[in-house]
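Listed below are the residues making up each chain.
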Amino acid sequence: FVEVHYITIQQVGNVPITKGDFQSLPHQVQTWLAQMIQLCAPRAVYICDGSEEEAEMVTNKLVERGTLTKLTKYENSYICWTDPRDVARVESKTFIVTNNKYASIPHSREGVKCVLGQWMSPSDMKQELDDRLPGCMAGRMLYVIPFSMGPIGSPLSKIGVQITDSNYVLLSMRIMTRVSSEIWKHLRHNEEFVKCLHSTGVPRPHTQKIINNWPCNPEKILICHFPDIRKVISYGSGYGGNSLLGKKCFALRIAGRIAYDEGWLAEHMLIMSITNPKGEEKFIAAAFPSACGKTNLAMLTPTMPGYTVRCIGDDIAWMRFDKQTGELRAINPETGFFGVAPGTNMKTNPNAILTCLKNSIFTNVGETADGGFYWEGLENETPPGTEIISWTGERYKLGEDKTKKSSHPNARFCCPARQCPIIHDRWEDPAGVPISAIIFGGRRPEGVPLVIESFDWKHGIFLASQLKSETTAAAEHTGKQIMHDPFAMRPFVGYNFGHYIQHWLDFEKDPKNKLPKIFHVNWFRLDENKKFLWPGFGDNIRVLDWIVRRTNGEDIAEISSVGLIPKKDSINLQGLIVDWDKLMSVPKDYWKDDIEETLSWLDGQLGDDLPHDIRIQIEQQKQRISQI
Ligand code: GTP
Ligand code: SPV
Ligand code: MN
């Protein structure tokens, strides 16, 4: 065991730079860093270079401290149990800050609480931050993480710099984004970068007890975005969506606003390709709310012979219409998967399991006595009697007590995308892949058929605007309520949602744009015994096949009051026992109520910001339903 002593060669104010050359950083970074160092008052500063040695040093430190435990069954993989109060995104503490309130949120009707983003004024936010940031890193190391969303140096990519006092965040950022000192070279020409400040909000000496060696400050969590100046400040939480700022904060909320300004799209979407038995490949993007099936669809193992699926991304897509060809080209700005662990197994998603067998971090899952991971869904792959240590530290033997839960329902694996057995060889292509179809979907236990195709672009945007889904453990909502989640972007949009919908509608105005077909899917419809009517997972290829054939113009759809639906027998159901009529029915009473409720919700939330085209769509849908 060799102890490394760093020689302090630089200081900012009276804070030593432990590693890295502050003076060689791009000027605009130095200026911002100097201010943040002074404000947060850390013990020292560590400028990350993205190297393996750096990761090893930080990992060892976290293992020594007990934040991470090595999983001896795999290579370079670790388990982490958080403070049980810090396990999901906190939407109620997430804000967008702009001078003009209505740049951030729509003009909701009087008395309606806007749930499509929360706004705070710059002066109120300043007060909140003044109460939190000064000295917030006292006694801790401040890490400076240069990262790129998208391939380094690509014209579609964006650069960020995250400051954090959490080394768990540093390790996770290394998996989820491209962290490298190369980044600095691309900033030299005064290039803009997204400023990301993160603190767990636990300066030393501690005034509160630290649970599980997981510093956090749940009472004071605040995640705020300043889209005008491309800045994010996150305080009090170490959980993924709150702390890995490249992900939802930057790649959706800030990038969404940049995309609005520049004429492209930043979406909560997976990107995948499907190759049919004839060898024809099509790319699709799909948006489902959190924990509603993106990762699973992006890497599905087809149950239909002759089909191949490849994965480009599982959570976020940046897309723009090519000026020359008019194609919609998509890139995945991330480099890793931060996926829902429970439910993932060799049957539902073997590719995810195979991706996370090395170089991975598992958060709030259970551990087996022989140093492996365990979560609900792995019952059939783990011998009964295996000793489990749950994420809350409880020990039990598998199969003995069915009430025991090994993992938090929002437990996550974090693993490098390049390890995915079906990662597409063009997944890092800076030019992106051409999208032929866009799918929206949610958890709809009732009334909503397996698949609907939109009549046209406007109707597709209406389908996306009326998206609803049962709430999941990915955020702090309790119970299973059906919630509106337009475009699967309710928690992630960084500007006025009315402008966002209009932005989508406007792509139709340029005749050069090759608009992809838009679909709505529902894997989650239940029968009267609360059993899924559709097997899902690998069998979803059957629906994707139908969708791809529709993009080729095959005559396999018929008109219903909610959109085009498959003609009977046009979806390959060979080998399945499904109740087609129940799965595909469009019950009049359900949809009559649904459209009324949708209108009242959209009108209440968006008021006069609800685009006129959507009001027309709603009227047309009402007409069609009345004619059933
Ligand atoms: P985020 O990472 O939170 O954005 O979630 P996600 O959209 O990637 O969801 P994910 O693929 O991780 O799925 C979440 C949960 O839905 C898991 O527990 C899955 O087992 C379950 N699930 C995914 N696909 C299907 C499906 O086709 N049918 C059914 N019944 N369940 C599914
Ligand atoms: C989601 O909640 O949609 C996620 C996980 O993908 S998080 O990184 O927490 O946002
Ligand atoms: Mn997500």
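Just so it is clear, the structure is predicted and the values come from calculations on it, not from any experiment.

K.L.:
Explanation requested: the overall build of the protein chain in the structure shown.
P.N.:
Summing up its helical and strand segments, the protein chain has 16 helices and 33 strands in all. Taken over the C-alpha trace, the protein chain has a radius of gyration of 24 Å; the compact-globule value for 628 residues is 25 Å, and the two agree within 12%. Principal axes of the C-alpha set define a box for the protein chain whose edges measure 75 × 60 × 50 Å. The buried share of the protein chain, reckoned over its 628 residues, is 61%. Considering only residue pairs separated by 6 or more positions, the protein chain has 74% of its internal contacts joining residues 24 or more positions apart. Surface accessibility of the protein chain: about 24700 Å² in total, with carbon and sulfur atoms responsible for 51%. Positive and negative side-chain charges in the protein chain, numbering 71 and 74 respectively, have mean positions lying 1 Å apart.

K.L.:
How should I be thinking about the state of the cysteines in this particular structure?
P.N.:
Structurally, a disulfide amounts to a covalent bond that connects the sulfur atoms of two cysteines. Taken as a whole and judged by the stated rule, the model has zero disulfides. No disulfide involves C114; its sulfur sits 18 Å from that of C224, the nearest cysteine. The class for C114 is buried, based on a relative accessible area of 11%. Considering cysteine sulfurs only, C196 is the nearest to C249, which forms no disulfide, with 7.6 Å between them.

K.L.:
Is there a simple way to explain the packing of helix α11 (residues 457-465) against helix α12 (residues 497-506) in this structure?
P.N.:
Where α11 meets α12, the axes come as close as 10 Å, and the angle between the chain directions of the two elements is 155°. By the angle class used here, α11 and α12 are roughly antiparallel. Relative to α12, α11 is oriented so that their crossing is right-handed. In this structure, α11 contributes W457, K458, I461 and S465 to the contact, and α12 contributes I501, W504 and L505. Residues that form the contact of α11 with α12 fall into these classes: five nonpolar, one polar and one charged.

K.L.:
What am I meant to see in the environment of M137 here?
P.N.:
With respect to the helices, strands and loops of the structure, M137 is situated in the loop between α4 (122-132) and β8 (141-149). Assessed through its relative accessible area of 0%, M137 is described here as buried. Residues M137 and C40 lie 97 residues apart in sequence; the distance between their C-alpha atoms is 5.1 Å. Setting aside residues up to four positions removed in sequence, M137 forms contacts with C40, A41, P42, R43, L142, I163, T164, D165, L197, H198 and S199.

K.L.:
Help me understand the domain arrangement of the protein chain in this model?
P.N.:
It is common to give the size of an interface as the accessible area that goes away when the parts come together. Here the protein chain is described as being made up of domain 1 (11-65 + 90-262), domain 2 (266-336 + 423-626) and domain 3 (338-419). Inter-centroid distance (C-alpha atoms) of domain 1 to domain 3 is 29 Å. Contacts between domain 1 and domain 3 engage nine residues on the former and nine residues on the latter. Roughly 780 Å² of surface becomes buried between domain 1 and domain 3 when both sides are summed, with 71% attributable to carbon and sulfur atoms. Ranking the residues of domain 1 by area buried against domain 3 places Y168, I175 and Y239 at the top, with a combined share of 62%. For the interface between domain 1 and domain 3, the tally reads three residue pairs in polar contact (both at pLDDT 80 or more).

K.L.:
Got a minute to help me understand the site of ligand 2 in this structure?
P.N.:
Every residue near ligand 2 is listed here: R89, Y239, G241, K247, K248, H268, S290, D315, F338, R412, A474 and F492. Contacts to ligand 2 include D315, whose side-chain N or O atom sits 3.3 Å from an oxygen atom. Burial of ligand 2 by the surrounding chains reaches 98%, relative to a free accessible area of 280 Å². Counting only domains with at least three residues in the shell around ligand 2, you end up with domain 1 (11-65 + 90-262) and domain 2 (266-336 + 423-626).

K.L.:
Would you explain the sheet that holds strand β22 (residues 366-368) in this entry?
P.N.:
In a beta sheet, neighbouring strands are held together by backbone hydrogen bonds and run either parallel or antiparallel to one another. Read across the sheet, four strands follow the order β23-β22-β24-β25 without closing on themselves; strand pairing throughout is antiparallel. Strands at the two margins of the open sheet, each flanked by one partner only, are β23 (373-374) and β25 (395-397). Sheet topology places strand β24 (residues 387-389) next to β25; three bridges connect them, and they run antiparallel. By the bridge assignment for β25, I388 is matched with Y396.

Reading guide: rules and limits
- Residues numbered from 1 in each chain as written.
- Chains lettered and ligands numbered in written order.
- Predicted model: local features only at pLDDT ≥ 70, side-chain atom pairs only at ≥ 80, totals over all residues.
- Heavy atoms only, no water.
- Helix = DSSP H or I, 4+ residues; strand = E, 2+ residues; numbered from the N terminus.
- Rg over C-alpha atoms; globule rule 2.2 N^0.38 Å.
- Buried < 20%, exposed > 50% of the residue type's maximum accessible area, 1.4 Å probe, protein only.
- Contact = heavy atoms within 4.5 Å.
- Areas by Shrake-Rupley, 256 points an atom, 1.4 Å probe, with all protein chains shown as cover.
- Lys, Arg positive; Asp, Glu negative; His and termini not counted.
- Charge placed at Lys NZ, Arg CZ, Asp CG, Glu CD.
- Disulfide = S-S within 2.5 Å.
- Axes fitted to C-alpha atoms, helices over the stretch in contact; angles between N-to-C directions.
- Parallel < 35°, antiparallel > 145°, perpendicular 65-115°, else oblique.
- Left-handed = near helix turned anticlockwise from the far one by under 90°.
- Nonpolar A, V, L, I, M, F, W, Y, C, P; charged D, E, K, R; others polar.
- Domains from an automatic or database assignment.
- Buried area = accessible area lost by both parts, 1.4 Å probe.
- Polar contact = N/O pair within 3.5 Å; in protein donor to acceptor, adjacent residues only side chain to side chain.
- Near = heavy atom within 4 Å.
- Pairing = 2+ DSSP bridges.

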